[in-house]
Amino acid sequence: MLILGIETSCDETAAALVADGKVILSNVIASQIDLHAKFGGVVPEIAARQHVEAIGYVIKEAIESAGKTAPEIDAIAVTSKRGLVGSLIVGVAAAKSLAYALRIPLVGIHHIEGHIFANILSHPEMPIPHVCLTVSGGHTMLIYVKDLCKYEVLGDTLDDSAGEALDKIAKFLGLGYPGGPVIDMLSTQGNKSAFNFPRPILRSKRLDFSFSGLKTAVINTTRHTDYHVPDIAASFQEAIVDVLVSKTMKAVLQSVSGAKSGSGTKKKVSAISVTGGVAANRRLRKVFSDRCQQEGLEVFFPQALLCTDNAAMIAAAGYARLRYGEVAGLDLDAIPNAPLESAI
Ligand code: KG4
Ligand code: ZN
């Protein structure tokens, strides 16, 4: 089954062709980073207008570079939930028009479910159930993946996402946008123990996150102390990595012990999936790999191109949902704040 995936939830206009939910035939991403860089973050109105300009070319390129033609497409999957409303609307409108013109099924996908499928697409052997940490510019969530397309949210951020905190501190330090890759790179030249930044709500049993206090601590430190930028970057990154890894391990231990949750007893978990833009971070990968080896757990990261926003992950999720018989009508709407549970 050949699925065209379309993703426009934030600042990447993306389209991909994926066969049988497994084989990526094309994966086209038109990045808007240069347009937003001078503002130090994504400007929603600029993002939406740029999607309108790019979407037709991106879809055409995805079909042609796969060596296919439009009539060969069997179905369309589009990100319809979670993101900037003006951006989501562009992808949803394009998907509906194409599905109508080609007379093929359409399915709406939750953006976070797309990130979960980025890792399933990268590692089809990954066991389910597993605990998934989705960590990017827009979200930081711990999810118990009970089965394909069945989720329970264990923790969410109470304020900033980890990627947002990285981007904001990079902007504050004048390092450009997006901040994550620069901080990743600069940290290799700095001392991660130079500053002992706070690890917010680390000791609590809760599986939620909070990064705004950490951000303030970094800013205050730079105001009152002499500092070397790579040391600030490395120490800040270490605090974020420590919180992300420790909370994920806590989530796994809770499921291993078969803790009763809102929706019943969880099954034993032996694998962790780390997805989203921040999953590209080298220190995060190293610390997760070391901790998982100690604990006898497996950890999976998507291939580089599937970490950040892309449409191949949306096509893969669409394949699973279509196999469950889910099809959207032409009244499919863009829902910017839909909870992940609404994808069930
Ligand atoms: O998944 P994504 O493309 O967009 C959202 O859904 O938000 O993630 C973008 C985020 C940005 O905050 C960016 O700074 C971060 O991922 N990022 C990284 C790295 N590469 C991208 N953060 C840390 N280390 C990296 N190597
Ligand atoms: Zn994303």
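Residues numbered from 1 in each chain as written. Chains lettered and ligands numbered in written order. Predicted model: local features only at pLDDT ≥ 70, side-chain atom pairs only at ≥ 80, totals over all residues. Heavy atoms only, no water.

### Overview of the overall build of the protein
Thought 1: Summing up its helical and strand segments, the protein has 11 helices and 12 strands in all.
Thought 2: The C-alpha atoms of the protein give 20 Å as radius of gyration, which agrees with the globular expectation for 344 residues (20 Å, within 12%).
Thought 3: Dimensions of the protein, computed from C-alpha atoms along their principal axes, come out at roughly 60 × 50 × 30 Å.
Thought 4: Burial statistics for the protein: of 344 residues in total, 55% are counted as buried.
Thought 5: Considering only contacts within the protein whose residues lie at least 6 apart along the sequence, 74% involve residues at least 24 apart.
Thought 6: Of the roughly 14400 Å² of accessible surface on the protein, a fraction of 54% belongs to carbon and sulfur atoms.
Thought 7: Of note, the protein has its 33 positive side-chain charges centred 6 Å away from the centre of its 34 negative side-chain charges. (Helix = DSSP H or I, 4+ residues; strand = E, 2+ residues; numbered from the N terminus. Rg over C-alpha atoms; globule rule 2.2 N^0.38 Å. Buried < 20%, exposed > 50% of the residue type's maximum accessible area, 1.4 Å probe, protein only. Contact = heavy atoms within 4.5 Å. Areas by Shrake-Rupley, 256 points an atom, 1.4 Å probe, with all protein chains shown as cover. Lys, Arg positive; Asp, Glu negative; His and termini not counted. Charge placed at Lys NZ, Arg CZ, Asp CG, Glu CD.)

### Some words on the coordination of the zinc ion (ligand 2)
Thought 1: Taken together, the protein donors to the zinc ion (ligand 2) comprise His111 (NE2), His115 (NE2) and Asp309 (OD), at separations of 2.0 to 2.1 Å.
Thought 2: Relative to the metal, the 4 donor atoms surrounding the zinc ion (ligand 2) lie at angles of 95 to 141 degrees, and the coordination shape comes out irregular.
Thought 3: Counting gaps between the donor residues of the zinc ion (ligand 2) yields the pattern H-x3-H-x193-D. Residue His115 is located in helix α4 (residues 111–122), and its partner Asp309 is located in the loop between α10 (304–307) and α11 (312–323); the two are separated by 194 residues in the primary sequence. Each of the two residues, His115 as well as Asp309, counts as buried. (Donors = N, O, S within 2.8 Å, 3.2 Å for Na, K, Ca; no water. Tetrahedral: all angles 85-135°; square planar, octahedral: opposite > 155°, others 65-115°.)

### Some points on the sheet that holds strand β7 (residues 140–147)
Thought 1: Across the sheet, 5 strands lie side by side as β8-β7-β6-β11-β12; this open sheet has mixed pairing. Strand pairing shows two members of the sheet lacking a second neighbour, β8 (150–155) and β12 (298–300), which therefore form its edges. With strand direction ignored, the average angle separating the axes of adjacent strands in the sheet is 25 degrees.
Thought 2: Where strand β11 (residues 271–275) and β12 come together, 3 bridges link them in parallel fashion. When the bridges of β12 are listed, Ala271 appears paired with Glu298.
Thought 3: Along the sheet, α4 contacts β6 (130–135), β7, β8, β11 and β12; its crossing angle with β11, the most-contacted strand, is approximately 120 degrees. (Pairing = 2+ DSSP bridges. Axes fitted to C-alpha atoms, helices over the stretch in contact; angles between N-to-C directions.)

### Focus: the site of ligand 1
Thought 1: Taken together, 21 residues lie near ligand 1, and Gly137, Gly138, Asp167, Gly180 and Asp184 sit nearest.
Thought 2: The contact in question runs from an oxygen atom of ligand 1 to an N or O atom on the side chain of Ser136, over 3.2 Å.
Thought 3: One of the side-chain nitrogen or oxygen atoms of Asp167 is found 2.7 Å away from an oxygen atom of ligand 1.
Thought 4: One can see that ligand 1 is located within the largest pocket.
Thought 5: Where the shell around ligand 1 is concerned, the elements lending two or more residues are α4, α5 (162–172) and α6 (179–187). (Near = heavy atom within 4 Å. Polar contact = N/O pair within 3.5 Å; in protein donor to acceptor, adjacent residues only side chain to side chain. 1 Å grid on protein atoms, 1.4 Å probe; cavity = no way out; pocket = protein on both sides within 12 Å on 5 of 7 lines; lining within 4 Å. Sits in = over half its atoms within 2 Å of the grid points.)

### Re empty space enclosed by the protein
Thought 1: The full count for this structure, using the stated rule, is 1 cavity of 30 Å³ or more.
Thought 2: If you add up the space inside the largest cavity, you get close to 30 Å³.
Thought 3: In terms of lining, the largest cavity is formed by Leu166, Gln237, Ile240, Val241, Leu244, Val278, Asn281 and Leu284.
Thought 4: Here the element with the most residues in the lining of the largest cavity is helix α8 (residues 229–256); it accounts for 4 residues.
Thought 5: Across the lining of the largest cavity, the residue classes tally to 6 nonpolar, 2 polar and no charged. (Points joined across faces, edges and corners; volume = space filled by probe spheres on them. Nonpolar A, V, L, I, M, F, W, Y, C, P; charged D, E, K, R; others polar.)

### Regarding the domain arrangement of the protein
Thought 1: On domain assignment, one finds that the protein holds domain 1 (2–115 + 307–343) and domain 2 (126–305).
Thought 2: Between domain 1 and domain 2, the residue contacts involve 23 residues of the former and 22 residues of the latter.
Thought 3: Both sides of the domain 1 and domain 2 interface together cover about 1900 Å² of buried area, and 64% of this is carbon and sulfur.
Thought 4: Taken together, the connections running from domain 1 to domain 2 amount to 0 salt bridges.
Thought 5: At the surface where domain 1 touches domain 2, the tally comes to 5 residue pairs in polar contact (both at pLDDT 80 or more).
Thought 6: For the side of domain 1 that touches domain 2, the elements supplying multiple residues, two or more each, are β3 (23–31), α1 (33–37), α4 and α11.
Thought 7: With 4 residues, α4 is the single largest residue contributor to the side of domain 1 that touches domain 2. (Domains from an automatic or database assignment. Buried area = accessible area lost by both parts, 1.4 Å probe. Salt bridge = Lys/Arg side-chain N within 4 Å of Asp/Glu carboxyl O.)

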